[in-house]
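Observations on the three-dimensional arrangement
The residues making up each chain are set out below.
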Amino acid sequence: MPGWASRRADISAAGLARLVFTLALGGCALLPAGYLLWAALPVLFDGGWLAHFASTTLPHQARTSLWVALEAAVVAFAVGALPAVVVSRFDFRGRRLVTVLALLPLLFAPYVTAGTWTVMFSWAFFEGRHALAIQHGLACSPYLFIIFRVAAARIPSAFSELAAALGLGPWQRLLRVHVPTYAVPVAAGLMIVLAQTIGDYAAAERLGIDTLSVGVHNLWLASQSSSVAAVVSVVMIVPAVFAVAVAAWAATSIISQNPIPPAAAAACRKPLARPLAWGLVGFSLLCSLPAFWIPEVLTVRWAWIKWDRTRFAAIPGDMLNAAGTSLCTALVVAAVCALTALLLRSGGRSRLAERAPWLFLSNYFLPSLVLALAFVMMSADGSLGAQWLGSWRDSRLLVVVSEALRFMPFAMLPVLDALRRTPQATIEVARTFGAGPVRARMVAFAGHLWPALLLGCALVFMESLKELDMSLMLQPFGYTSPALKIYAFSRNQNMDRAAVWVLITQVLMLLPLLLLCWRMNRLGAPGRAGSGQSAGA
Amino acid sequence: MADPKSRPTTTLLLAFILAASTSAVAQERVLRVISDRTDQGVVRPVLEAFEARSGVKVEGVFMDQGLVNRLESRPTEADVVITKDAELLDIAAQRGLLDPLKSAKIRAAVPSEFMDPADRYFVDAYRARIIFYSKARVKPSDLSTYEDLASPKWKGRICLRSGSHDYNLALFGQFFASFGEAKAKAVISGIGSNLARAPKGNDREQARAIYEGKCDVALMNTYYHPMMAAEPTQKAWADAVGVYFPSQAGKGTFIMRSAAGVTKATANRDLALALLEFIVSREGQQLIVDRTKQYSVRPDVAVHPLMVRLGAEQGLVDGRFKIDFVPLDLMAGKREEVIRFVNEIRFDAER
């Protein structure tokens, strides 16, 4: 009995530790939004800003944002998800090319693409809301490609074949097999597109589209008041947290109702008819023109023309700064994800543990300037944050932490997915062979979690390199980076002088991009049955 | 007795220590400047000149947006604040974020109308917000005043950046102060309803839109004309537009003021004042005029030759124009009124 009591106590302690860690994760995720709400509530109705916003521009801006987001989602699913499913389920010449083309837009920040479009094209279409939607759709398409590439590689084609054998027609198979099995990637993809589109300020402002994010910024910057910013941010914070909470609940519920076997074999790829294959390659090539090739050609040309006006002496320092900040951001994210993996129970047994980390996604919904403002307010002179941070407040630490919070979902969600697919039995078996609790998890996670974490961190590194608003707002004195240079030049309509810095950013992103391409191409490769599990997305 | 052979070594060592300590002392004196200008913009040359002249290292935060919020949260992290819009510094001063200057040199150099009455900041330079028009489609005789831009003859012919941008908030605020509320609202609404497209982009993009035939007139700051003319990719835009100083027969043209002040940080107050005194010195002002094409606040610093050309067709002499001068203390509260009004009429909405 003493043994049983001791084990019970162990379980309780472990459970308590997990609960505390889960709550801490959720608290960290909601810290900026919570702080803004806390700052806004006492003055929510002071000055009538909320009523003013709600009765003037808010309804129109919200509608515009929603339409742009929905259009962007259609574009992103067509350009990212469709090719991903075909590449996963069919064999054809050009699969690797389609993969590379799908991932190339990652090399451009949306505001840079917007800048090149406005410089290159003077047709009214390229300054309208449809152009903004297309641009966001193209910018999000690589994420959807990755999500669907992994998901499709994991779903056995036997489900569909079984349904066909039972006499279900194509539409019934779509509704009863494909829609449920793709529900989670669809939800995740949709959340990413909605978050990026609704939270975007730079590209919308560049094209002059009056979105909700632009409205919040305008009121904040025009009033120059943190309280007004906090008050008007409430209209984004509350729906964002609510949407993320619903998505987390829905996704985890769907997963539990449609459990994909952890050891599901990679789809047996069927050959794709040559015309269709060529059609897909052509489609991918066509989509990559506005998303990558045209901006890239322009950027290289401008860099060549303005080569003599480049301050080369600044390049090594800026590269080091950017790489250092992004690496630190990726490492912070990796550390949090690794802790999550080690402390949370694998196998999806705890709903709370599965759902709480989703809350990080709410930071992606917020305009990054608003997120940065929360950090400025939290680290104000005399605040608890300033006391804790001490002289670290004047370093790049705040840039790193805010970026880590914003980009956490890129690594955290794949890690949760990998955790869910790691059988608890593997850990228990490892323990019976004498491995300690940490060692047992390290071994069990080797094939599932680390690749997912690596890819997630590669994405975080790339996003951090492109990130602008938080660096702008939270930069320490004397700090420079390629993103700040790009912004400074593009503000003066000198995209040509920004070109060199765009290329430098791309050089830094090359390695993670190659890593992504390599992993995507290895998914479901011959002789790697079940390799879909090891990629994560 | 010391070994004579060791003397050169000792001397070298001492020299090194001295150099290192001197350098360390120099590095200790770091002046911190916060600005809403961009790093590659107009402030950098002035700071570099000050660094070269004083030997002091200047570190900057160039943030473009949210300057007052950051200053409010961290009132002493910077020594000097430089803004493109004096209104922002006035807001900072009202929130108690600036220290009185108490500098005889600054007071002597800057005319009183460009000084804050409470001596917390001063205007270091200014530019006019004027009408840029299509040389091909508009005759200068068609133009007259800001109020005229609200008339139906300009329907669908005006381009403008966002009504919520600092430049337009400052301009519209001056409308309120100079015209009175009712007339100002009518003029702003009229301009809004005459826009050819939704407000977008920066000032230069409005010139580009005129060049591309999307609109015929725009409100822009004076210095963009020579700046565009100097950029090969933008020269065609500059060539396509003429400039017109509105209301010269009436109360005058409105100006945009950039300004500077010192924060409540005390450690480097002497350096902060040294920088500001350099900015208002003849040398500093000449540098600002040469590099930024703004107008100096010092009467003894001439208008840049490229700016003298602007307005010559209107009969302006030496580039000097009549200013409808609205003191900054009269602008108090106008900014909020303008924000609320541009939102009410949905000035930035798609058209």
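The structure displayed is predicted, hence computed values, not measured ones.

Details of the overall build of chain A
- Within chain A one finds 24 helices and two strands.
- Since a compact globule built from 537 residues should have a radius of gyration of about 24 Å, the 24 Å found for chain A is in line with a globular shape.
- Judged by the C-alpha coordinates and their principal axes, chain A covers about 65 × 65 × 50 Å.
- Residue burial in chain A is summarised as follows: out of 537 residues, 60% are buried.
- Counting only contacts in chain A whose residues sit at least 6 apart along the sequence, the fraction spanning at least 24 positions is 85%.
- Each charge class in chain A was averaged separately, 40 positive and 22 negative side chains, and the resulting centres sit 12 Å apart.

Topic: the overall build of chain B
- A count of helices and strands for chain B gives 14 helices and ten strands.
- With the C-alpha coordinates of chain B rotated into their principal frame, the extents come out at 95 × 40 × 40 Å.
- Buried residues in chain B amount to 60% of all 351 residues.
- In chain B, the proportion of contacts linking residues at least 24 apart, taken out of those at least 6 apart, comes to 76%.
- Surface accessibility of chain B: about 13,400 Å² in total, with carbon and sulfur atoms responsible for 56%.

A closer look at a nonpolar patch on the surface
Residue and element names in this part refer to chain A.
- A cluster of nonpolar residues, Leu16, Leu19, Val20, Leu23 and Leu352, forms a patch on the protein surface that exposes about 460 Å² of accessible area.
- Here the nonpolar patch gets four residues from one element, more than from any other, and that element is helix α1 (residues 2-40).
- With respect to the helices and strands, the residue Val20 is situated in helix α1.

A short note on the interface of chain A and chain B
- Counting residues at the interface gives 61 residues for chain A and 61 residues for chain B.
- Summing both partners gives a buried area of about 5,000 Å² for chain A against chain B, and 43% of it is carried by carbon and sulfur.
- In terms of surface lost to chain B, no three residues of chain A exceed Gln224(A), Phe477(A) and Gln493(A), which account for 18% of the buried area on that side.
- For the pair chain A and chain B, the number of links is five salt bridges.
- A salt bridge links Lys214(B) to Glu127(A), with the nearest nitrogen and oxygen atoms 3.1 Å apart.
- When contributions to the side of chain A that touches chain B are tallied by element, the ones reaching two or more residues are α2 (49-55), α3 (58-89), α5 (110-120), α9 (202-207), α10 (212-223), α16 (368-378), α22 (469-474) and α23 (482-491) of chain A.
- For the side of chain A that touches chain B, the class distribution of residues is 24 nonpolar, 23 polar and 14 charged.

Focus: unusual backbone geometry
- Of note in this structure, Gln224(A) is not a glycine but carries a positive phi near 55°.
- Of note, Gln224(A) is situated in the loop between α10 and α11 (226-257).
- Judged by its relative accessible area of 3%, Gln224(A) falls in the buried class.
- With a phi close to 50°, Arg346(B) is a non-glycine residue in the positive phi region.
- Locating Arg346(B) in the fold gives a position in the segment after α14 (334-344).
- The exposure class assigned to Arg346(B) is partly exposed, which follows from its relative accessible area of 25%.

What to know about the nonpolar core
- Judged by nonpolar contacts, the single largest core of 273 residues is most densely connected at Leu31(B), Phe122(B) and Phe175(B).
- Take this core: its biggest share by element is 14 residues, from helix α18 (residues 397-421) of chain A.
- Those residues in contact with Leu31(B), other than ones at most four positions away along the chain, are Phe50(B), Val56(B), Lys57(B), Val58(B), Glu59(B), Asp79(B), Val80(B), Asn268(B), Leu271(B), Ala272(B) and Leu275(B).
- If you look at the next biggest cluster of nonpolar residues, it comprises nine residues, including Val79(A), Trp117(A), Phe121(A) and Ala291(A).

Observations regarding α23(A)
Residues and elements named next belong to chain A.
- The buried count for α23 comes to ten of ten residues, which makes it a mostly enclosed element.
- Of the residues making up α23, those classed as buried are Pro482, Ala483, Leu484, Lys485, Ile486, Tyr487, Ala488, Phe489, Ser490 and Arg491.
- Positive backbone phi, approximately 65°, marks Gln493, located one or two places after α23.

Comments concerning the confidence of the model for chain A
Residue and element names in this part refer to chain A.
- Per-residue confidence for chain A averages 85 on the pLDDT scale, and 91% of its residues sit at or above 70.
- The secondary structure element of chain A with the lowest average pLDDT is helix α14 (residues 351-355), at 76, and the one with the highest is helix α4 (residues 95-103), at 96.
- Within the model, the stretch residues 261-265 combines pLDDT values under 50 with twelve contacts to residues more than four positions away or in other chains.
- Confidence drops under pLDDT 50 across residues 527-537; counting only partners more than four residues distant or on other chains, this segment forms 41 contacts.

Describing the domain arrangement of chain B
Residue and element names in this part refer to chain B.
- In terms of domain boundaries, chain B breaks down into domain 1 (20-126 + 257-302) and domain 2 (127-255 + 307-344).
- With centres defined by C-alpha atoms, the gap from domain 1 to domain 2 works out at 27 Å.
- Tallying the contact residues gives 24 residues for domain 1 and 25 residues for domain 2.
- Where domain 1 abuts domain 2, roughly 2,100 Å² becomes buried across the two surfaces, and 56% of that area is made up of carbon and sulfur atoms.
- Looking at the side of domain 1 facing domain 2, the largest losses of area belong to Glu87, Arg257 and Tyr295, adding up to 37% of the total buried there.
- Counting every contact that joins domain 1 to domain 2 gives one salt bridge.
- When the shortest N-O distance is used, the salt bridge between Arg335 and Asp85 registers 3.6 Å.

A few points about the state of the cysteines
All names here are of chain A.
- Following the criterion strictly, the structure yields one disulfide over all chains and no others.
- Summary of cysteine pairing: Cys328 is not part of a disulfide, and the nearest cysteine sulfur, belonging to Cys457, is at 13 Å.
- A relative accessible area of 36% means that Cys328 is categorised as partly exposed.
- As a non-bridged cysteine, Cys457 has Cys337 as the owner of its nearest cysteine sulfur, 6.0 Å distant.

So, the pattern of salt bridges
All names here are of chain B.
- Using the criterion set out here, one finds 36 salt bridges over all chains in the structure.
- Two residues, Asp216 and Arg137, come together in a salt bridge whose shortest N-O distance is 2.5 Å. Pair noted here: Asp216 is in the loop between α8 (203-211) and β7 (217-221) and Arg137 is in the loop between β5 (121-134) and β6 (158-159), with a separation of 79 residues, a long-range link.
- Of the residues examined, Asp216 reaches a relative accessible area of 10% and is grouped as buried.
- Residue classification places Arg137 among the partly exposed positions, given a relative accessible area of 36%.

Rules used in this analysis
Residues numbered from 1 in each chain as written. Chains lettered and ligands numbered in written order. Predicted model: local features only at pLDDT ≥ 70, side-chain atom pairs only at ≥ 80, totals over all residues. Heavy atoms only, no water. Helix = DSSP H or I, 4+ residues; strand = E, 2+ residues; numbered from the N terminus. Rg over C-alpha atoms; globule rule 2.2 N^0.38 Å. Buried < 20%, exposed > 50% of the residue type's maximum accessible area, 1.4 Å probe, protein only. Contact = heavy atoms within 4.5 Å. Lys, Arg positive; Asp, Glu negative; His and termini not counted. Charge placed at Lys NZ, Arg CZ, Asp CG, Glu CD. Areas by Shrake-Rupley, 256 points an atom, 1.4 Å probe, with all protein chains shown as cover. Patch = residues over 30% accessible without salt bridge, like charges linked within 9 Å, V, L, I, M, F, W, Y side chains within 5 Å. Salt bridge = Lys/Arg side-chain N within 4 Å of Asp/Glu carboxyl O. Buried area = accessible area lost by both parts, 1.4 Å probe. Nonpolar A, V, L, I, M, F, W, Y, C, P; charged D, E, K, R; others polar. Core = buried A, V, L, I, M, F, W, Y, C linked by side-chain atoms within 4.5 Å. pLDDT = per-residue confidence, 0-100. Domains from an automatic or database assignment. Disulfide = S-S within 2.5 Å.

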